[in-house]
Amino acid sequence: MGSAACGHPAGRVPKILAVRSENQPGGQTKSDAERSFIEQARRAQIIDAAVETLAEHGFAKASLARIAQRAGISKGVISYHFAGKEELLERLVEQVYERLGAFLAPRLTAQPDVAERLRTYVESLAEYMRDHRVQLEALGEVFNNVRDAEGALRYGVASSEPLYRFLEETFREGQESGAFRPFDARVMAVTLQSGIDAMFAYWGAHPDHDLEAHAGELADLFLHAMRGPGEGMRDDGVVGGT
């Protein structure tokens, strides 16, 4: 579900959620600005069809032919825009993260208070995925099946490094301001991200589970655990001076 801001103030948006690729089929490169609107729209259409196909049929049955059928195009059109299924899935992950990043960015940058920003991060992730469940299901299929040349999962723990760094920076900002107590920022980052991943996994297995309430409880749990000396919890659950 990074430390650099990618153009957003104070590193408030994880780099992984603002990623953009310039890779093009055939080894060519173009900037997004140079790519025609029609070409961008066609690629997005194919990726959306891949998302829906993965969510409905699973990774093993999400062939390029089936994705093309879903998109209402020929398989050759996919081959024109993507070097193969591997590149298509890479771009799928990037497109989902770009859309999620666009959703999160204004919410995070609007929160100067580090505790409120952390709560916003957790709760906004849940809000977005609640309304885009098919994207979460497709990501799960990709993350649990795509492997590298050595046979290891392509999107393993190492792929979460940008998220860990983003959370570490947020925690250190809170520690420097006195809002958070001293603790190992890396341990807390890994633990919180694991909690977020588990939240989505549980929701995936139990669709009727209240995802937003879960996110609120998760944010409460960590803000209580991290609050600094003299910092209480307001009635709305946000860390604040007593």
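Summarised in this report is the structure supplied together with it.

### Some details on the pattern of salt bridges
Consideration 1: Counted according to the given criterion, the structure contains 17 salt bridges.
Consideration 2: A salt bridge links R91 to E87, with the shortest nitrogen-to-oxygen separation between them at 3.3 Å. Of this pair, R91 and E87 are both found in helix 4 (residues 85–109), 4 residues apart, which corresponds to roughly one turn of the helix.
Consideration 3: We classify R91 as buried; its relative accessible area is 7%.
Consideration 4: D220 serves as the salt-bridge partner of R119, at 2.4 Å between the closest nitrogen and oxygen. On the criterion of sequence distance, the pair formed by R119 in helix 5 (residues 114–131) and D220 in helix 9 (residues 211–226) is long-range, its members being 101 residues apart.
Consideration 5: A residue is classified by how much of its surface remains accessible, and D220, at 23% relative accessible area, is partly exposed.

### Thoughts on the side chain of S124
Consideration 1: Examined against the element boundaries, S124 turns out to sit in helix 5.
Consideration 2: The exposure class of S124 is buried, given its relative accessible area of 4%.
Consideration 3: Engagement of the side chain of S124 in a polar contact is seen with the backbone oxygen of T120, the distance being 2.7 Å.
Consideration 4: Once residues lying within four places of it in the same chain are set aside, the contact partners of S124 are F103, L104 and R107.

### Things to note about helix 2 (residues 64–71)
Consideration 1: All of the buried residues along helix 2 are L64, I67, A68 and A71. Each buried residue of helix 2 sits inside an arc of 100° when the element is viewed along its axis, so together they form one side.
Consideration 2: If you follow the buried residues of helix 2, they end up packed against helix 1 (37–57), helix 3 (75–81) and helix 4.
Consideration 3: Following helix 2 by one or two positions, G72 adopts a phi angle in the positive range, close to 75°.

### Let's talk about the nonpolar core
Consideration 1: Core analysis: the largest hydrophobic core is formed by 62 residues, its most contacted members being L92, Y121, F171 and F180.
Consideration 2: Secondary structure elements with two or more residues in this core: helix 1, helix 2, helix 4, helix 5, helix 6 (133–143), helix 7 (161–177), helix 8 (185–205) and helix 9.
Consideration 3: In terms of residues, this core owes the most to one element, helix 4, which gives 10 residues.

### Things to note about the environment of G58
Consideration 1: With respect to the helices and strands, G58 occurs in the loop between helix 1 and helix 2.
Consideration 2: What makes G58 buried here is its relative accessible area of 13%.
Consideration 3: With 84 residues separating them along the chain, G58 and V142 place their C-alpha atoms 9.1 Å apart.
Consideration 4: Not counting residues within four places of it along the chain, the set of residues in contact with G58 comprises T53 and E141.

### Some points on the packing of aromatic side chains
Consideration 1: This model, assessed by the stated rule, comprises 6 aromatic pairs.
Consideration 2: Taken together, a centroid distance of 5.4 Å and an interplanar angle of 55° make the contact between F103 and Y128 tilted. Of this pair, F103 sits in helix 4 while Y128 sits in helix 5, placing them 25 residues apart in sequence.
Consideration 3: Ring geometry for F171 and F183: centres 5.7 Å apart, planes at 75°, overall edge-to-face. With F171 in helix 7 and F183 in the loop between helix 7 and helix 8, the pair connects residues that are 12 residues apart, well separated along the chain. The pair F171 / F183 is uniform in exposure class, with both members buried.
Consideration 4: Positioned above the aromatic ring of F103, the side-chain terminus of R107 is 3.7 Å from the ring centre.
Consideration 5: In this structure, R133 packs its charged tip against the face of W203, placed 4.0 Å from the ring centre.

### A short note on the packing of helix 8 against helix 9
Helix-helix packing is described using two parameters, namely the angle between the two axes and the distance between the axes.
Consideration 1: Two elements in contact, helix 8 and helix 9, have axes whose closest approach is 10 Å; the angle formed by their N-to-C orientations is 165°. With respect to helix 9, the element helix 8 is oriented roughly antiparallel. Crossing hand, helix 8 versus helix 9: right-handed. The segment helix 8 lies against helix 9, with M188, T191, L192, G195, I196, M199, F200 and W203 engaging L211, H214, A215, L218, F222 and M226.
Consideration 2: Partitioned by chemical class, the residues of the contact of helix 8 with helix 9 number 11 nonpolar, 3 polar and no charged.

Conventions used here
- Residues numbered from 1 in each chain as written.
- Predicted model: local features only at pLDDT ≥ 70, side-chain atom pairs only at ≥ 80, totals over all residues.
- Heavy atoms only, no water.
- Salt bridge = Lys/Arg side-chain N within 4 Å of Asp/Glu carboxyl O.
- Helix = DSSP H or I, 4+ residues; strand = E, 2+ residues; numbered from the N terminus.
- Buried < 20%, exposed > 50% of the residue type's maximum accessible area, 1.4 Å probe, protein only.
- Polar contact = N/O pair within 3.5 Å; in protein donor to acceptor, adjacent residues only side chain to side chain.
- Contact = heavy atoms within 4.5 Å.
- Arc of directions from axis to C-beta.
- Core = buried A, V, L, I, M, F, W, Y, C linked by side-chain atoms within 4.5 Å.
- Phe/Tyr/Trp six-rings, centres within 6.5 Å; stacked < 30°, edge-to-face > 60°.
- Lys NZ or Arg CZ within 6 Å of the ring centre and 35° of its normal.
- Axes fitted to C-alpha atoms, helices over the stretch in contact; angles between N-to-C directions.
- Parallel < 35°, antiparallel > 145°, perpendicular 65-115°, else oblique.
- Left-handed = near helix turned anticlockwise from the far one by under 90°.
- Nonpolar A, V, L, I, M, F, W, Y, C, P; charged D, E, K, R; others polar.

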